[in-house]
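Structure at a glance
Here is how the chains run, residue by residue.
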Amino acid sequence: MRLCRAVLVIPFLTFAGAPDYALAGDPIVENYGNYRNITVRRHNDIEGAEALFDDYRRQWFKEGYSGVRVGKWAGEDQRDMPRCSSADGQKLSVNTRINCGSNHIFRLNVTGIAASDSDTASIDETGALAYLGYEYLFSNDAFLGLGATYAVSDIDSSLNGSTLDSEVSEFGAHFVGGYRFPREIGVAWNISLTRSTDDLTRNGSITSSVDMTGVMISGVIFQNWYFSQSTYLSYGLDYTFLGLFGPGTVTDSSGAVQDTGINNGRGDFTGSLLLVHELDRAEVFARLGSTAEVILATDRWLDATADVGGSLNLSDNIALTGTVGGTYRMGNYLSGRGSVRLVGKF
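Residues numbered from 1 in each chain as written. Predicted model: local features only at pLDDT ≥ 70, side-chain atom pairs only at ≥ 80, totals over all residues. Heavy atoms only, no water.

Focus on the overall build of the protein
Our working definition: Numbering of helices and strands runs from the N terminus, with a helix taken as a DSSP run of H or I at least four residues long and a strand as a DSSP run of E at least two residues long. With a 1.4 Å probe rolled over the protein chains alone, any residue whose accessible area is under 20% of its type maximum counts as buried; one over 50% counts as exposed, and the rest are partly exposed. Contacts were defined at the residue level, with two residues in contact if any of their heavy atoms lie within 4.5 Å. To be clear on the numbers: accessible area is Shrake-Rupley with a 1.4 Å probe, and residue cover counts the displayed protein chains and nothing else.
Counting secondary structure elements, the protein contains four helices and 14 strands. When the 346 residues of the protein are sorted by exposure, 49% land in the buried category. Restricting to contacts in the protein with at least 6 residues of sequence separation, those with at least 24 account for 64%. Here the protein displays about 15,000 Å² of accessible surface, and carbon together with sulfur accounts for 61% of that area.

Description of the sheet that holds strand 4 (residues 162–181)
Using the following cut-off: Only strands joined by at least two bridges in the DSSP assignment are considered to pair. Here the axes come from fitting lines to C-alpha atoms, over the contacting stretch only for helices, and the angles between their N-to-C directions go from 0 to 180 degrees.
One closed barrel accounts for 12 strands, arranged 1-2-3-4-5-6-7-10-11-12-13-14; its pairing is antiparallel. The sheet shows a mean angle of 15° between the axes of neighbouring strands, taken without regard to direction. The pairing of strand 7 (residues 231–245) with strand 10 (residues 264–279) spans 14 bridges and is antiparallel. Paired with Thr231 across the bridge in strand 10 is His277. Lying on the sheet, helix 2 (residues 27–41) is in contact with strand 1 (104–117), strand 2 (122–137), strand 3 (142–159), strand 4, strand 5 (185–202), strand 6 (206–226), strand 7, strand 10, strand 11 (282–295), strand 13 (318–329) and strand 14 (333–345); it crosses strand 4 at an angle near 25°.

A closer look at the confidence of the model for the protein
Note the threshold: pLDDT gives the predictor's per-residue confidence on a scale running from 0 to 100.
Confidence in the prediction for the protein averages 87 pLDDT; 86% of positions are at 70 or higher. Low pLDDT, under 50, characterises residues 1–23; the predicted model gives this stretch 64 contacts beyond four residues in sequence or across chains. Confidence drops under a pLDDT of 50 for residues 94–98, and excluding neighbours within four residues, the segment shows three contacts in the predicted structure.

Following this line, the structure appears as structure tokens:
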């Protein structure tokens, strides 16, 4: 969910462009580099930073709430704890501070992923991505936060008799924020950086290692429309720019120079629908989305995603969410995912 002004993209376009094919190499390596655009993007998608935006779309957090408000009816603006105040103007006591609404939000998301791709090479992938984050509510309408992601995956490719096996480890850092306007309209954004190391084994014995950096700038605007007091639809539009930068070529242990297909940039819009039904201290939901590349688009410019899940208050301060879902992308890319998320307000 991501809608940034186009001006934010301009500084990066000088570094973005088509991969450098000046040196000949095994096409499987170049194809792998292009595939990695999909996997890096996950740090910024529903597996990573984007998941927290859905919680704000569902209005779980308000400054005056003592904890996480899941279910009937989280969107109502009725504070459940008194405002912090001191009649004599002296420093508040510990007990008074405890009985005031909390502004600190902590979260942990863990997602398991399985994917296959047969557009050019035959690719199979298994992996996991974890997100750890913190946000601070400045008011009922504004928040800022920081997050970190860590991902690992095994990617096995084959093309024209060649094989390429990869072990990937990635770290990501995220700066997030959001603001809610009247009439149920909200905006959220994030700036993300990733750093990854890919240990490659070609044809069973030829090894190499590739380090690359990803830059993502995203923003989303969303609005909620209510069918009833307990059922509503949140529809959003977001924009993301992804730049992936690394060595244009890599020399493997055999001395061969391989094109990596790295050093490129892409921009896309994503539309999403989040249908939520609130229960007593719980919610069930379904989420549909589609992403279309609009800047330096590839021939695989469109995808579609679907996720279903539910959330439950484990206590007044902790909520648990579980989801299952998948993605289809043009060119026979399919992925499935399952996630568990914990969020606390203390």
